[in-house]
Amino acid sequence: MALIYTSLLFLWIGDSPRARSLIEQLIAHAGRYSLEPFRAAGLALKGKLAIACDETEYCIALLRDMLQTIHEYYYLLVPTVTGALAEGLRKAGQLEEAAVHHRWRHYPCEG
């Protein structure tokens, strides 16, 4: 859990190298001990980092795949992942779908 929230902190303040290092540690540690929900959180954070670094194509598919697992296990990360997906879709020119995800990020209980 510490790796998840510390990674989020470094993403938030814009320290991509530290965030990348922590995210990779999270993915490796979760994979080593078969902690799939933690690995999914790490992959979702990796997708968010990729969006921030303009690596859009790769991470849209990754974020879509991880969103369901994140929704099941780490509901608090859903707005972060959904927002990153909306941003990636916007950067990829998929504005209509981006708007749907952006709206859900802010109003998850409606529609």
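What counts and how
- Residues numbered from 1 in each chain as written.
- Predicted model: local features only at pLDDT ≥ 70, side-chain atom pairs only at ≥ 80, totals over all residues.
- Heavy atoms only, no water.
- Helix = DSSP H or I, 4+ residues; strand = E, 2+ residues; numbered from the N terminus.
- Rg over C-alpha atoms; globule rule 2.2 N^0.38 Å.
- Buried < 20%, exposed > 50% of the residue type's maximum accessible area, 1.4 Å probe, protein only.
- Contact = heavy atoms within 4.5 Å.
- Areas by Shrake-Rupley, 256 points an atom, 1.4 Å probe, with all protein chains shown as cover.
- Axes fitted to C-alpha atoms, helices over the stretch in contact; angles between N-to-C directions.
- Left-handed = near helix turned anticlockwise from the far one by under 90°.
- Nonpolar A, V, L, I, M, F, W, Y, C, P; charged D, E, K, R; others polar.
- Expected span 1.5 Å × (residues − 1).

A. Here's a closer look at the overall build of the protein. When helices and strands are tallied, the protein shows six helices and zero strands. Listing every helix and strand of the protein by position from the N terminus yields α-α-α-α-α-α. Scaling as 2.2 N^0.38, a compact globule of 111 residues should have a C-alpha radius of gyration of about 13 Å, and the protein matches this with 13 Å. Judged by the C-alpha coordinates and their principal axes, the protein covers about 40 × 25 × 25 Å. The 111 residues of the protein split such that 38% are buried. The long-range fraction of contacts in the protein, counting pairs at least 24 apart against all pairs at least 6 apart in sequence, stands at 45%. Per element, the accessible surface of the protein, about 6400 Å² overall, is 56% carbon and sulfur.

B. Geometry of the environment of Glu 55. Looking at the secondary structure, you find Glu 55 in the loop between helix 3 (36–52) and helix 4 (56–73). Counting along the chain gives 33 residues from Glu 55 to Gly 88, while the straight-line C-alpha distance between them is 8.5 Å.

C. Broad picture of unusual backbone geometry. Non-glycine residue Ser 34 carries a positive phi angle of around 55 degrees. The residue Ser 34 is located in the loop between helix 2 (16–32) and helix 3 in this model. Ser 34 gets classed as exposed once you look at its relative accessible area, which sits at 66%. Phi is positive for Asp 54, close to 60 degrees, though the residue is something other than glycine. Take Asp 54: its relative accessible area is 54%, and that puts it in the exposed class.

D. How the structure looks around the packing of helix 3 against helix 5 (residues 78–91). Here helix 3 crosses helix 5 at 35 degrees, and the two axes come no closer than 9 Å. In this structure, helix 3 meets helix 5 at a crossing whose hand is left-handed. Of the residues in helix 5, those in contact with Ala 44, Lys 48, Ile 51 and Ala 52 of helix 3 are Thr 80, Val 81, Ala 84, Glu 87, Gly 88 and Lys 91. For the contact of helix 3 with helix 5, the per-class residue count stands at five nonpolar, two polar and three charged.

E. Here's a closer look at helix 3. Counted at 1.5 Å a residue, the expected span for helix 3 with its 17 residues is 24 Å, and the 24 Å between its end C-alpha atoms agrees. Packed against the buried residues of helix 3 are helix 1 (2–13), helix 2, helix 4 and helix 5. Residue Asp 54 follows helix 3 closely and has a positive phi angle near 60 degrees.

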